[in-house]
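One-letter residues, chain by chain:
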Amino acid sequence: MADAKVIPFGEEPRSRRKAKRPGRGSRRSALAPVPEPRGRAGEEPAAGAPEELPGASWERRIAGGLRFLRRRLTGEYEVDDFGYDEELTDQVLMTLLRPFYEKYFRVEVKGIENIPADGGALIVANHSGTLPLDGLMLQVAVHDNHPAERHLRLLAADLVFVLPVINELARKAGHTLACAEDAQRLLERGELVGVMPEGFKGIGKPFSDRYKLQRFGRGGFVSTALRAGVPIVPCSIVGAEEIYPKIGDAKTLARVLGFPYFPLTPTFPWLGPLGLVPLPTKWTIQFGEPILTDGYPPEAADDPMLMFNLTDQVRETIQHTLYKLLVQRRSVFF
C-alpha cells in the first residue's frame with residue numbers, strides 16, 4: 001500500500017480548503033455524493049434536475065466507495081504531522097461511532113453555541129466510564145452538532161499509543177499525546193483540542209465515587225491555554241459513569257498487564273466477552289460558557305496562583321453542572 005502524503009504543519013489540508021460543508025441536518029452517507037436538487041415534498045423535481053432512477057442511489061454509493069478504496073490503496077490521501085487522517089475519520093470512524101451515539105446512548109447536547117465557530121479553543125471535560133468511550137462520543141457530539149462541523153483533537157494518555165491497533169486508530173482519529181507542546185501547536189494552528197484532566201483517576205474510579213470529580217492535575221491545561229491565548233470551554237458529561245459500573249479492581253492482574261487498573265464490574269469478567277457490552281445509558285453533554293484567556297499578559301502562564309484559580313474555576317463549573325444535570329435527569333436509561 002502506498003504511503004499517504006504528509007501535510008507540513010501549518011499548511012492547510014486540501015480538505016479544509018474546500019467550500020464549507022453542510023450542517024448536521026444535511027449529513028449524508030459517507031460514501032454517497034451530493035444528490036441532485038429536488039423540489040419540496042409534494043412538488044415536482046426542480047427544473048433541470050433529472051428524476052431519480054431505481055437503483056441510482058446505490059450505484060452512486062458503490063462508486064463513491066470504490067473511489068475511497070482506490071485512494072486508500074494508492075496513498076492519494078493526506079495526513080498531518082500527527083498522523084491525523086480527516087477523510088478516514090469522516091467517512092469511516094465517525095460512521096461507525098454514530099449508531100452508538102444516536103441510537104445506543106441517545107446523546108443529548110446542550111450549549112454547542114459556546115464552542116467558537118473557528119480558531120483554537122480548549123474543551124475541558126470530566127472523564128469516566130472505565131473505558132474511554134466518553135472521549136469518542138464527545139468527538140461525535142462536536143462534529144455532528146456544531147454548525148461548522150468542527151473536529152475535536154483529543155489529548156490521550158501514553159497507554160493509548162503503545163497498544164497495538166488502538167495506537168494507529170487513535171492517530172488516524174486525530175488523537176495526540178497529552179503533552180503541553182503538542183497541545184500548544186494544535187491550538188496555535190486554530191484547532192479545537194479536548195482534554196480530560198482527571199486521567200486514569202477519573203475513568204478508573206469506583207462506582208461509589210461516580211460524578212465526583214478527581215484532582216485536575218497541576219493545571220497544565222490552563223498554562224497551555226494562556227500561552228496560546230485561546231478560550232477554555234468547560235464540558236460536563238452525564239451518563240458515561242454507569243456504562244461499566246466498576247465494583248472492584250484486580251490490582252495484581254493490572255500490574256502484570258501493565259494497566260493502571262483491571263476493572264471488575266457486575267458483568268465483566270463473569271460473562272466473558274458479553275461483559276464488555278456497555279449498558280445503554282442515556283447521555284447528556286453540556287458545554288459551558290467559555291473562559292477567555294486572551295486578556296492576560298504573556299507572563300501569566302507562569303503565575304502559579306492564577307493557574308490554580310483558573311483550574312479551580314473550570315473544575316467547579318464542571319462539577320456544578322454535573323450536579324444540575326443529575327437533578328434534571330429522569331432515569332439512568334431514559
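You'll find the structure just up there.
Rules behind the numbers
Residues numbered from 1 in each chain as written. Predicted model: local features only at pLDDT ≥ 70, side-chain atom pairs only at ≥ 80, totals over all residues. Heavy atoms only, no water. Helix = DSSP H or I, 4+ residues; strand = E, 2+ residues; numbered from the N terminus. Buried < 20%, exposed > 50% of the residue type's maximum accessible area, 1.4 Å probe, protein only. Contact = heavy atoms within 4.5 Å. Areas by Shrake-Rupley, 256 points an atom, 1.4 Å probe, with all protein chains shown as cover. Pairing = 2+ DSSP bridges. Axes fitted to C-alpha atoms, helices over the stretch in contact; angles between N-to-C directions. Phe/Tyr/Trp six-rings, centres within 6.5 Å; stacked < 30°, edge-to-face > 60°. Lys NZ or Arg CZ within 6 Å of the ring centre and 35° of its normal. Parallel < 35°, antiparallel > 145°, perpendicular 65-115°, else oblique. Nonpolar A, V, L, I, M, F, W, Y, C, P; charged D, E, K, R; others polar. Salt bridge = Lys/Arg side-chain N within 4 Å of Asp/Glu carboxyl O. Patch = residues over 30% accessible without salt bridge, like charges linked within 9 Å, V, L, I, M, F, W, Y side chains within 5 Å. Expected span 1.5 Å × (residues − 1).

A.B. asks: Sorry, what's going on with the overall build of the protein chain here?
C.D. replies: When helices and strands are tallied, the protein chain shows nine helices and 11 strands. Evaluated residue by residue, the protein chain yields a buried proportion of 43% over its 334 residues. Sequence separation of at least 24 residues holds for 77% of the intrachain contacts in the protein chain that already meet a minimum separation of 6. On the protein chain, roughly 17,600 Å² of surface is accessible, and the fraction owed to carbon and sulfur atoms is 59%.

A.B. asks: Explain the sheet that holds strand β7 (residues 192-195) here, please?
C.D. replies: Taken together, seven strands build an open sheet; the order of strands is β3-β11-β8-β4-β7-β5-β6 and the sheet is mixed. Only two strands of the sheet have a single neighbouring strand rather than two, namely β3 (108-110) and β6 (176-177). The strands touched by helix α9 (residues 304-328) within the sheet are β3, β4 (121-125), β8 (232-238) and β11 (284-287), with β8 carrying the most contacts at an inclination of about 35 degrees.

A.B. asks: So what exactly am I meant to see when it comes to the packing of aromatic side chains here?
C.D. replies: Pairs of aromatic rings are described using the distance from one ring centre to the other and the angle between the two planes. Tallied over the entire structure, the rule returns five aromatic pairs. Seen in terms of ring centroids, Tyr104 and Phe105 are 5.1 Å apart; in terms of plane orientation they differ by 80 degrees. Their pairing is edge-to-face. Judged by its relative accessible area of 1%, Phe105 falls in the buried class. An aromatic cluster of three or more residues is present, and its members are Phe100, Tyr104, Phe105 and Trp283. Stacked on the ring of Tyr77, the Lys or Arg Arg72 has its end atom at 3.7 Å from the ring centre. Above the face of the Phe161 ring, Arg171 is positioned so that its terminal group lies 4.4 Å from the ring centre.

A.B. asks: What should I look at first to understand the pairing of strand β5 (residues 152-156) in this one?
C.D. replies: Side-chain positions along a regular strand alternate between the two faces of the sheet. Taken across its five residues, β5 has five buried, putting it largely inside the fold. Both faces of β5 are covered, namely the face carrying Leu152, Leu154 and Ala156 and the face carrying Arg153 and Leu155. Pairing geometry for β5 and β7, over three bridges, is parallel. Across the sheet, residue Leu152 finds its bridge partner in β7, namely Leu192. Where β5 meets β6, two bridges bridge the pair, whose relative direction is parallel. Residue pairing in the sheet places Ala156 in a bridge with Leu177 of β6.

A.B. asks: Even after reading the chapter, I still don't get the packing of helix α7 (residues 220-228) against α9, so can you show me in this structure?
C.D. replies: Axes are the key here: two packed helices are described by the angle between their axes and the distance separating the axes. One can describe the packing of α7 onto α9 by two numbers: an axis separation of 9 Å at closest approach and a directional angle of 110 degrees. Judged by the angle between their axes, α7 and α9 are roughly perpendicular. Along the contact surface, α7 presents Phe221, Val222, Ser223 and Leu226, while α9 presents Leu306, Met307, Leu310, Thr311 and Val314. Residue composition of the contact of α7 with α9, grouped by class: seven nonpolar, two polar and no charged.

A.B. asks: Could you clarify how one ought to interpret the pattern of salt bridges in this entry?
C.D. replies: With the rule as written, the count across this model stands at 16 salt bridges. For Arg185, the salt bridge goes to Asp81, with nearest N and O atoms at 3.8 Å. Of this pair, Arg185 sits in helix α5 (residues 180-188) while Asp81 sits in the loop between β2 (78-79) and α2 (86-104); the two residues are 104 residues apart in sequence, bridging distant segments of the chain. A relative accessible area of 35% means that Arg185 is categorised as partly exposed. The partner of Asp144 in a salt bridge is Arg98, and the shortest N-O contact between them spans 2.7 Å. Remark: Arg98 occurs in helix α2 and Asp144 occurs in helix α3 (residues 133-145); sequence separation between them is 46 residues. Take Arg98: its relative accessible area is 10%, and that puts it in the buried class. A cluster of three or more residues bridged by salt bridges with shared partners is formed by Arg71, Arg72, Asp85, Glu87 and Lys172.

A.B. asks: Looking at this structure, I do not really get unusual backbone geometry. What am I missing?
C.D. replies: It is generally the case that most residues other than glycine have a negative phi and that most peptide bonds are trans. Omega for the bond connecting Phe268 with Pro269 falls within 30 degrees of zero, at 5 degrees, which places this linkage in the cis form. Along the polypeptide, Pro269 turns up in the loop between β10 (263-264) and β11. Here Arg106, not a glycine, exhibits a phi torsion of approximately 50 degrees, which is positive. Residue Val165 is not a glycine yet carries a positive backbone phi of 70 degrees.

A.B. asks: Would you mind showing me how to read a nonpolar patch on the surface here?
C.D. replies: Taken together, the side chains of Trp58, Ile62, Leu66 and Leu69 make up a nonpolar region of the molecular surface, amounting to roughly 470 Å² of accessible area. Inspection of the secondary structure puts Leu66 in helix α1 (residues 56-74). Classification of Leu66 as exposed rests on a relative accessible area of 53%.

A.B. asks: Would you take a moment to explain α1 for this structure?
C.D. replies: Here α1 contains 19 residues, and its C-alpha end-to-end distance of 27 Å stays within 8% of the 27 Å for a straight helix at 1.5 Å per residue. Of the positions making up α1, those classed as buried are Ala56, Gly64, Gly65, Phe68 and Arg72. Considering only its buried residues, α1 is in contact with α2. Gly75 lies just past α1 and shows a positive phi near 80 degrees.

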